[in-house]
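# Analysis of the macromolecular model
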Amino acid sequence: MSFYNVKSEVGKLEAVLLHRPGKELEKLTPQYLEELLFDDIPWLGKMQEEHDSFADALRNRGCKVYYYDQMLEEILNENHVKNEIISEIIGFSGISKLKEKDVITEYLKSRDSKELTEILISGLHKNVINYQKSNRSLSYYIKDDYPYYINPIPNLYFTRDPGTVIGNGVSINSMKTHARNRETMTLSYINKYHRDIKASTPPLWYNYHNTDSIEGGDILVLSEKAIAVGCSARTSPEAIEVLAENLFKVESGIREVLVIEIPVKRAYMHLDTVFTMLDINKFTIFPEIKDELKIFKITPALKGIGLLKITPKDSLRTALNEALDRDDVQILHSGGHDKITAAREQWNDSTNTLAVAPGTVVTYRRNKASNETLRNNGIEVIEIEGSELVRGRGGPRCMSMPLRRASII
Ligand SMILES: NC(=[NH2+])NCCC[C@H](N)C(=O)O
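Residues numbered from 1 in each chain as written. Predicted model: local features only at pLDDT ≥ 70, side-chain atom pairs only at ≥ 80, totals over all residues.

## Points about the overall build of the protein
Our working rule: In this description a helix means any DSSP run of H or I spanning at least four residues, a strand means any run of E spanning at least two, and both kinds are numbered starting from the N terminus. Computation of the radius of gyration draws on C-alpha atoms, with the globule rule given as 2.2 Å multiplied by the number of residues to the power 0.38. The burial label depends on the number of other C-beta atoms within 10 Å of a residue's C-beta. Counts of 20 or more mean buried, 12 or fewer mean exposed, and intermediate counts mean partly exposed, with C-beta atoms placed from the backbone. For every residue pair, C-beta atoms are placed from the backbone, and the pair is scored as a contact if these atoms sit within 7 Å.
Within the protein, the secondary structure is distributed over twelve helices and 19 strands. At 21 Å, the protein has a C-alpha radius of gyration in line with the 22 Å of a compact globule built from 409 residues. Along the first, second and third principal axes, the C-alpha set of the protein runs to 70 × 50 × 40 Å. Relative to its 409 residues, the protein shows a buried fraction of 46%. In the protein, once contacts between residues fewer than 6 apart in sequence are set aside, the share between residues at least 24 apart is 73%.

## Description of the domain arrangement of the protein
The cut-off we apply is this: Each domain span listed reflects an automatic or database assignment of domains. Residues are grouped as follows: Ala, Val, Leu, Ile, Met, Phe, Trp, Tyr, Cys and Pro are nonpolar; Asp, Glu, Lys and Arg are charged; all remaining types, including Gly, are polar.
When the domains of the protein are assigned, the result is domain 1 (13–68 + 154–405) and domain 2 (71–150). Relative to domain 2, the C-alpha centre of domain 1 lies at a distance of 32 Å. The partner domain 2 presents 13 residues to the 15 residues of domain 1 that form the contact. Looking at which element gives the most residues to the side of domain 1 that touches domain 2, the answer is helix 7 (residues 178–193), with six residues. Looking at the side of domain 1 that touches domain 2 residue by residue, the classes come out as eight nonpolar, three polar and four charged.

## Structural notes on the nonpolar core
Across soluble globular proteins, you tend to see nonpolar side chains buried next to one another. Using the following cut-off: Only buried Ala, Val, Leu, Ile, Met, Phe, Trp, Tyr and Cys residues enter a nonpolar core, and they are joined through C-beta atoms within 7 Å.
With 102 residues, the main nonpolar core has Val16, Ile227 and Ile240 as its most contacted residues. Formed jointly, this core draws a minimum of three residues from each of two domains, domain 1 (13–68 + 154–405) and domain 2 (71–150). Sequence-distant contacts of Val16, that is, excluding residues within four places in its chain, are made with Leu58, Cys63, Val65, Tyr66, Ser400, Met401, Pro402 and Leu403.

## Observations regarding the site of the ligand
We apply this condition: Each residue receives a C-beta atom placed from its backbone. It is near a molecule or strand if this atom lies within 6 Å of it.
Within the structure, the ligand sits among 15 residues, and Leu37, Gly217, His270, Gly394 and Cys398 are positioned closest to it. Class assignment of the residues belonging to the shell around the ligand gives a composition of four nonpolar, six polar and five charged.

## As for the pairing of strand 16 (residues 354–357)
The side chains of a regular strand alternate, first on one face of the sheet and then on the other. The condition that has to hold: Strands qualify as paired when DSSP identifies two bridges or more between them.
Relative to strand 17 (residues 360–364), strand 16 is paired through three bridges, and the arrangement is antiparallel. Across the sheet, residue Leu354 finds its bridge partner in strand 17, namely Val362. Connecting strand 16 to the antiparallel partner strand 17 that follows it, the hairpin turn spans two residues, and Gly359 within it adopts a positive phi of roughly 80°.

## Some points on the packing of helix 2 (residues 68–76) against helix 7
Going by this rule: Orientation is described by lines fitted to C-alpha atoms, with helices fitted over the stretch in contact, and by angles between N-to-C directions that extend from 0 to 180 degrees. Rotating anticlockwise by less than a right angle from the far helix to the near helix defines a left-handed crossing, while the corresponding clockwise rotation defines a right-handed one.
Where helix 2 meets helix 7, the closest approach of the two axes is 10 Å, and the angle between their N-to-C directions is 60°. The handedness of the crossing between helix 2 and helix 7 is left-handed. Packed against helix 2, whose contacting residues are Met71, Leu72 and Ile75, the element helix 7 presents Thr186, Tyr189, Ile190 and Tyr193 at the interface. When grouped by side-chain class, the residues that make up the contact of helix 2 with helix 7 number six nonpolar, one polar and no charged.

## Quick word on the confidence of the model for the protein
For clarity, the cut-off: The pLDDT score gives, residue by residue, the confidence of the prediction method on a 0 to 100 scale.
The share of residues in the protein with pLDDT of 70 or more is 96%, and the mean pLDDT across the chain is 94. Among the scores for the predicted complex, ipTM is 0.98 and pTM is 0.95.

## Remarks on the sheet that holds strand 13 (residues 294–300)
With respect to topology, five strands assemble into an open sheet ordered 8-9-10-13-14, the strand pairing being mixed. Each edge of the open sheet carries a strand with a single partner, namely strand 8 (219–221) and strand 14 (308–313). Within the sheet, the average angular offset between the axes of one strand and its neighbour, ignoring direction, is 20°. Relative to strand 10 (residues 256–261), strand 9 (residues 226–231) is paired through six bridges, and the arrangement is parallel. Residue pairing across strands places Ala228 opposite Leu258, the latter belonging to strand 10.

## Considerations on helix 7
Defined as follows: In this scheme, a helix's expected span is set at 1.5 Å multiplied by one less than its residue total.
Under the 1.5 Å per step criterion, the end-to-end length of helix 7 is 24 Å for 16 residues, consistent within 8% with the ideal 22 Å. Those residues of helix 7 lying buried are Arg180, Arg182, Glu183, Thr184, Met185, Thr186, Leu187, Ser188, Tyr189 and Ile190. Elements that come into contact with the buried residues of helix 7 comprise helix 2, helix 3 (79–92), helix 5 (113–122), strand 5 (163–166) and strand 6 (169–172).

## With respect to the pairing of strand 10
Rules: Whether a crossover is right-handed depends on one test, that the path from the first strand over the helix to the second runs clockwise when the strands point away from the viewer.
The element strand 10 is extensively covered by neighbouring structure, given that five of its six residues are classed as buried. Chirality of the crossover, the property in question, places the unit of strand 9, helix 9 (residues 237–249) and strand 10 among those that are right-handed.

## What about the environment of Ile75?
One can find Ile75 in helix 2. C-beta crowding within 10 Å serves as the criterion here: with 23 such atoms nearby, Ile75 is assigned to the buried category. Once the C-alpha coordinates of Ile75 and Val242 are considered, the two residues, 167 residues apart in sequence, prove to be 29 Å apart. Apart from residues lying up to four places away in sequence, Ile75 is in contact with Val81, Tyr189, Ile190, Tyr193 and His194.

## Overview of the UniProt feature "active site" (unreviewed entry) in the protein
Convention followed: UniProt positions are given in the numbering used here, feature names are shortened, and annotations may be inferred rather than shown by experiment.
Under the UniProt annotation, the feature "active site" (unreviewed entry) is placed at Cys398. Classification of Cys398 as buried rests on a count of 26 C-beta atoms within 10 Å. In this view, Cys398 contacts Phe158, Arg160, Asp161, Gly217, Asp272 and Asn352; residues no more than four positions away in its chain are not counted.

This is the structure in structure tokens:
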């Protein structure tokens with residue numbers, strides 16, 4: 001049996017990868033907020049309570065929850081994996097250029113797998129390493145005010161973005177920003193070495209070593225034959241083409257990539273901040289952007305040069321109907337028909353719904369107007385608290401990486 005199986009956006013959620021926010025969030029300071037892609041500093045204790053309730057809501061619906069740090073710790077028990085990760089991180093974090101690199105490498109090697117997991121997620125502060133003053137380089141003094149050798153990765157609880165399961169394979173995404181690239185790097189090790197995953201040798205649809213960026217918040221698995229990809233502040237057209245070529249080349253089952261270009265803005269950093277799927281024929285959208293979208297359909301080129309055929313489309317609804325082989329697609333507007341409410345609720349992730357079954361979604365309770373519209377249109381809404389979780393700018397969909405979904409009957 002394949003460890004990964006996601007052939008829709010809404011089939012009953014059977015297994016998911018989450019990360020419970022930890023000490024990495026306590027490394028946020030006003031000075032580095034923007035660089036670390038936060039708008040505010042969440043209160044960790046409260047955030048963990050909210051996250052535990054989120055995980056419980058998924059378990060209550062029969063979903064198995066895997067945790068990123070546990071899987072990482074498990075693979076680090078093998079010495080060769082530990083050494084491989086340490087050497088990549090040393091290069092990635094610029095430590096290999098420092099005089100103190102041997103001391104830091106030794107320090108990392110002498111940690112057990114739990115301690116190393118903690119460092120890989122919440123960072124390595126400079127004052128942890130003791131070494132002779134005589135070994136200090138000029139760059140040590142000049143960059144001295146930067147506190148870390150290894151940066152914390154506070155966005156890790158948005159497990160949606162570094163990896164995306166499509167069919168029985170996975171795309172290990174290439175992140176737009178340095179702040180998030182290590183999330184992807186560690187995920188690639190989990191994918192390669194975790195005993196539960198490697199047994200099924202899943203195909204890799206995208207490799208994070210490719211520098212064209214693509215993030216999971218932009219990828220929606222519409223069906224076993226079609227995916228939608230947002231072209232956004234985080235996902236480039238070049239990366240979408242590479243993903244499409246890989247999916248069309250091998251036996252992924254995917255025959256269409258529907259590209260939805262959204263405006264480039266912090267508030268809409270990914271497609272799933274403005275548009276998600278709720279049911280086999282229902283979607284929700286932030287109405288403000290609907291006239292600004294550009295839609296393109298990519299299919300395998302039958303003849304001609306190159307592998308891809310690109311067709312511009314006029315209407316999102318028609319394109320979705322075509323992709324899903326239906327004629328009844330409905331797109332519900334968030335914000336309860338009020339512009340101000342819609343904008344406020346979008347900022348708080350009203351359109352970032354996570355389907356746990358066809359027509360059943362998890363949302364933040366705070367988005368009252370949008371939740372009401374969903375209910376009035378036959379959607380079952382499971383509400384969770386998100387006062388602290390939302391401060392990282394993400395909702396239930398961003399906080400989850402579906403690993404397996406049941407097929408839709
Ligand atoms: N799939 C999503 N919409 N993820 C939201 C990620 C938010 C995160 N702070 C970032 O800017 O990257």
